[in-house]
Amino acid sequence: MDFCKTHAITLKRRDYSNSSQIATLYTRSRGKIRALAKGSKRIEKKLRGSVDLFSHMEVILLQKGGTGLNLLTEWEPIHDFPAFRKDVERFYAACHVAELADMLTEEGDRSEPLFDLILDTFASLSSTKRTEVALRAFELQTLKLIGCLPELEECANCGRNLTESTAAVFSPVDSGLLCERCNGRKTFRTLSPGTIRAAVFLANASTATWDRLHLPNGISEELVSLSRGCITGVLSRPLETRRVAI
Ligand SMILES: [Zn+2]
């Protein structure tokens, strides 16, 4: 058994008993874990702070080896993002981020940059008027961090530059983008050079600069198509919150 004090973000939680819950957390030092929060539903615990969805907390974990369930022995909220409880669009955007972070990682996967990205995205979604920009940036940057973002600027087949004058498509079979010449008769959604340039920017930009990008409707829709194609390829099935994340 191993005690660990770290920062954590609640991605998911479910009832375990009348008084306890099992939380799926993304932690800074241990990556994604599931842990039993004993007494998290009791009234006296709520006075000190419950294990709330999307909450950024400092926690003490008791990690058990083998198949034993980890224990969350202490948790202290740092920031619970109240904007998500007041605005349904921001709430669903946060759901999408938490779901994606959960589905694209395995228990035990560790990435401090991904922890920071989730936290920064929640902070951005709490205040930005452009939630769709923050969501597209989160999707592309998460794919990049887990090594599943295709090369965006060059055709996967011939190497032709895709940010200048040629339309491209995302080809799941090729795990990359194809230019018009290499696309053949495939009927994937066309991505304009402007969409490719926006994707390159969002995949690399810091959260502080996301708000600078204005996404016209056509580009926004094409970015959704691109990130959905990549994510579905990784998961081999559509996301549950697909309907609310556009
Ligand atoms: Zn090509």
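Residues numbered from 1 in each chain as written. Predicted model: local features only at pLDDT ≥ 70, side-chain atom pairs only at ≥ 80, totals over all residues.

1. A closer look at the domain arrangement of the chain
(1) Moving on: The assigned domain composition of the chain is domain 1 (2–80) and domain 2 (85–244).
(2) Moving on: The straight-line distance from the C-alpha centre of domain 1 to that of domain 2 is 29 Å.
(3) Moving on: Counting residues at the interface gives 14 residues for domain 1 and 16 residues for domain 2.
(4) Moving on: Mapped by element, the contributors of at least two residues to the side of domain 1 that touches domain 2 are β1 (2–15), β2 (21–27) and β3 (31–37).
(5) Moving on: Per-element tally for the side of domain 1 that touches domain 2: the top contributor is β3, with four residues.
(6) Moving on: For the side of domain 1 that touches domain 2, a count of residues per class yields five nonpolar, four polar and five charged. (Domains from an automatic or database assignment. Contact = placed C-beta atoms within 7 Å. Helix = DSSP H or I, 4+ residues; strand = E, 2+ residues; numbered from the N terminus. Nonpolar A, V, L, I, M, F, W, Y, C, P; charged D, E, K, R; others polar.)

2. Thoughts on the packing of helix α4 (residues 112–127) against helix α5 (residues 131–145)
(1) Moving on: With their axes 10 Å apart at the nearest point, α4 and α5 run at an angle of 175° to one another. Between α4 and α5, the angle falls in the class roughly antiparallel. Contacts from P113, L114, L117, T121, S124 and L125 in α4 reach T131, A134, F138, Q141, T142 and L145 in α5.
(2) Moving on: Split into classes, the residues belonging to the contact of α4 with α5 amount to seven nonpolar, five polar and no charged. (Axes fitted to C-alpha atoms, helices over the stretch in contact; angles between N-to-C directions. Parallel < 35°, antiparallel > 145°, perpendicular 65-115°, else oblique.)

3. Points about the sheet that holds strand β7 (residues 176–179)
(1) Moving on: A sheet is described by the order of its strands in space; here three strands give the open sequence β7-β6-β8, paired in antiparallel fashion. Here the strands that pair on one side only, and so sit at the sheet edges, are β7 and β8 (190–191).
(2) Moving on: Note that strand β6 (residues 168–171) and β7 share four bridges and pair antiparallel. Residue S171 lies in a different strand from β7, and its bridge partner there is G176. (Pairing = 2+ DSSP bridges.)

4. A short note on the pairing of β6
(1) Moving on: Where burial is concerned, the two faces of β6 agree: the one with A168 and F170 and the one with V169 and S171 are both buried.
(2) Moving on: Taken together, β6 and the strand that follows it, β7, pair antiparallel across an intervening segment of four residues, in which S175 is found at a positive phi of about 50°.
(3) Moving on: Where β6 lies against β8, two bridges are found, and the strand directions are antiparallel. For A168, the partnering residue across the bridge sits in β8 and is L191. (Buried ≥ 20, exposed ≤ 12 C-beta atoms within 10 Å, placed from the backbone.)

5. A short note on the nonpolar core
(1) Moving on: Of all hydrophobic cores here, the largest spans 59 residues; its most connected members are V97, I118 and L177.
(2) Moving on: A per-element tally of this core places α5 first, with seven residues.
(3) Moving on: Taken together, domain 1 (2–80) and domain 2 (85–244) each give at least three residues to this core, which thus spans both.
(4) Moving on: Each residue touching L177, except ones within four places of it in the same chain, is listed here: P150, L152, C155, A156, L162, A168, V169 and F170. (Core = buried A, V, L, I, M, F, W, Y, C linked by C-beta atoms within 7 Å.)

6. Focus on the environment of C148
(1) Moving on: Within the secondary structure, C148 sits in the loop between α5 and β6.
(2) Moving on: Sequence separation between C148 and R189 is 41 residues, and the spatial gap between their C-alpha atoms is 20 Å.
(3) Moving on: Once you skip the residues sitting within four places of it in the chain, C148 turns out to touch L143, C230 and V234.

7. A closer look at unusual backbone geometry
(1) Moving on: Its identity as a non-glycine residue notwithstanding, F54 has a phi of 70°, on the positive side.
(2) Moving on: By the secondary structure assignment, F54 is in the loop between α1 (43–48) and β4 (56–63).
(3) Moving on: For F54, a count of 21 C-beta atoms within 10 Å corresponds to the buried category.

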